[in-house]
Amino acid sequence: MKNTVATILKQKQSGEKITMLTAYDYTTARIIDECGINSILVGDSLGMTMLGYDTTLPVTMEDMIHHTKAVTRGAENAFVVADMPFMSYQTSTYDAVVNAGRLIKEGGASAVKLEGGAEVCEQIRAIVDSSIPVVAHLGLTPQSVNAFGGFKVQGKTLERAKQIIEDALKIQEAGACAVVLECVPAKLAEIITEKLSIATIGIGAGNGCDGQVLVYQDMLGLTTGHTPKFAKMFADAGEAFRKGINAYIEETKNGTFPAQEHTFSIDDDIIAEIRGDLK
Ligand code: KIV
């Protein structure tokens with residue numbers, strides 16, 4: 001069954017947990033979709049996972065549209081949310097609406113996600129007024145990595161915890177249909193989840209949220225380098241990849257691949273004639 005903004009709200013109300021994973025390409029989106037996930041996030045984390053940058057900051061609208069198109073071709077039933085990249089909405093409400101519109105029109109996404117609280121409420125309102133659902137993102141918002149001085153847990157002080165709660169109420173009031181809470185203490189995320197009528201989707205925010213999101217490379221053992229503390233490895237696909245690739249290299253070098261069953265045949269008469277012609 002097709003997941004929509006209504007499905008997410010219904011699950012918030014019924015207490016059925018919402019499942020979300022990132023995807024950035026057709027093949028992965030298809031596999032995730034076939035598993036019955038509620039939502040796929042085309043995250044600007046693709047800057048790191050797909051493009052090899054250190055942060056999400058260099059990701060462009062063209063990058064996001066390119067990957068969103070691939071994901072929406074593979075996702076039949078998942079609610080596809082596309083991230084608005086750095087500086088595609090902070091600059092003005094006009095830019096926010098135009099760029100959100102491109103992710104829907106050109107990318108085929110069903111909703112957009114943007115980072116920030118009170119400071120982006122005008123943009124959220126304008127995008128929602130254009131009939132585009134908006135998912136907000138609070139806590140550790142990776143596009144603010146330079147302002148935060150690194151990828152750090154947010155909301156541990158009374159002042160910052162109160163600010164995140166206020167921001168959550170403001171983005172709800174502005175019309176957001178859900179909010180991602182990233183790297184905030186579990187008890188703070190629980191309070192926010194109780195206070196909001198829209199769904200909270202946690203990443204590094206404990207199990208008191210209405211749902212969870214993970215970067216798929218982190219949960220499948222495909223991340224090279226640092227894996228965040230909150231990212232449980234549910235399967236080691238990285239090891240499966242390495243095993244398969246090493247076997248391919250070995251069998252190609254020793255000539256056991258390709259075997260008879262991997263090759264195509266031709267009539268011996270034709271081969272004899274070709275050989276005759278070559279003489
Ligand atoms: O870009 C992304 O993948 C995200 C998730 C970490 C929530 O925003």
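Residues numbered from 1 in each chain as written. Predicted model: local features only at pLDDT ≥ 70, side-chain atom pairs only at ≥ 80, totals over all residues. Heavy atoms only, no water.

**Q** Would you take a moment to explain the site of the ligand for this structure?
**A** Inspection of the region around the ligand gives Thr 22, Leu 41, Gly 43, Asp 44, Ser 45, Asp 83, Lys 113, His 137, Val 180, Glu 182, Ile 203 and Val 215 as its neighbouring residues. A distance of 3.1 Å is found between an oxygen atom of the ligand and a side-chain nitrogen or oxygen belonging to Asp 44. Measuring from an oxygen atom of the ligand, one finds a side-chain N or O atom of Ser 45 at 2.5 Å. Here the ligand, which alone exposes 260 Å², has 96% of that area covered by the protein. Residues that form the shell around the ligand fall into these classes: 4 nonpolar, 4 polar and 4 charged. (Near = heavy atom within 4 Å. Polar contact = N/O pair within 3.5 Å; in protein donor to acceptor, adjacent residues only side chain to side chain. Areas by Shrake-Rupley, 256 points an atom, 1.4 Å probe, with all protein chains shown as cover. Nonpolar A, V, L, I, M, F, W, Y, C, P; charged D, E, K, R; others polar.)

**Q** For this particular structure, what's the right way to read the sheet that holds strand β5 (residues 134-139)?
**A** Through backbone hydrogen bonds, the strands of a sheet pair up, either in parallel or in antiparallel fashion. Overall, parallel pairing links the 8 strands, which are arranged β1-β2-β3-β4-β5-β6-β7-β8 in a closed barrel. Put simply, the sheet's adjacent strands are angled 25° from each other on average, direction ignored. Pairing of strand β7 (residues 199-203) with strand β8 (residues 211-214) involves 2 bridges; the strand directions are parallel. Bridging from a neighbouring strand, Gly 202 pairs with Gln 212 of β8. Sitting on the sheet, helix α1 (residues 5-14) is in contact with β1 (18-22), β3 (79-83) and β7, with an inclination near 130° to β1. Packing of helix α5 (residues 93-105) onto the sheet brings it into contact with β3 and β4 (111-115), and relative to β4 it is tilted by some 140°. (Pairing = 2+ DSSP bridges. Helix = DSSP H or I, 4+ residues; strand = E, 2+ residues; numbered from the N terminus. Axes fitted to C-alpha atoms, helices over the stretch in contact; angles between N-to-C directions. Contact = heavy atoms within 4.5 Å.)

**Q** When you look at the packing of aromatic side chains in this model, what are you seeing that I'm missing?
**A** Pairs of aromatic rings are described using the distance from one ring centre to the other and the angle between the two planes. One pass over the full model with this rule turns up 2 aromatic pairs. Ring centres 6.0 Å apart and planes at 65° place the aromatic pair Tyr 248 and Phe 257 in the edge-to-face group. When its relative accessible area of 51% is taken as the criterion, Tyr 248 is described as exposed. Classification of Phe 257 as partly exposed rests on a relative accessible area of 33%. (Phe/Tyr/Trp six-rings, centres within 6.5 Å; stacked < 30°, edge-to-face > 60°. Buried < 20%, exposed > 50% of the residue type's maximum accessible area, 1.4 Å probe, protein only.)

**Q** So what exactly am I meant to see when it comes to the environment of Glu 273 here?
**A** By the secondary structure assignment, Glu 273 is in helix α12 (residues 268-278). C-alpha of Glu 273 to C-alpha of Thr 68: the two residues are 205 residues apart in sequence and 52 Å apart in space.

**Q** What am I meant to see in the pairing of β4 here?
**A** Each regular strand shows side chains that alternate between the opposite faces of the sheet. Among the 5 residues in β4, 5 count as buried, and that is most of the element. Alternating residues of β4 divide into Ala 111, Lys 113 and Glu 115 and Val 112 and Leu 114, and every residue in both groups is buried. One ladder, built from 3 bridges, connects β3 with β4; its direction is parallel. Directly across from Val 81, in β4, lies its bridge partner Ala 111. Note that the unit made of β3, α5 and β4 has a crossover that is right-handed. Where β4 and β5 come together, 4 bridges link them in parallel fashion. The residue of β5 that forms the bridge with Glu 115 is His 137. Following the backbone out of β4, through helix α6 (residues 121-129) and into the adjacent parallel β5, one traces a crossover that is right-handed. (Right-handed = clockwise from strand over helix to strand, strands pointing away.)

**Q** I would appreciate a short explanation of α5 in the present structure.
**A** Helical geometry: 3.6 residues make up each α-helical turn, so side chains three or four residues apart lie on a common side. Helix length check: α5 (13 residues) gives 18 Å between terminal C-alpha atoms against 18 Å at 1.5 Å per residue, within 8%. Summarising the contacts, the buried residues of α5 are in contact with α4 (61-74), β3, β4 and α6. (Expected span 1.5 Å × (residues − 1).)

**Q** Would you take a moment to explain the domain arrangement of the chain for this structure?
**A** In many analyses, interface size is given as the accessible surface area lost on bringing the parts together. Split by domain assignment, the chain resolves into domain 1 (5-235) and domain 2 (240-278). Look at where the C-alpha atoms of domain 1 and domain 2 centre, and you get two points 46 Å apart. (Domains from an automatic or database assignment.)

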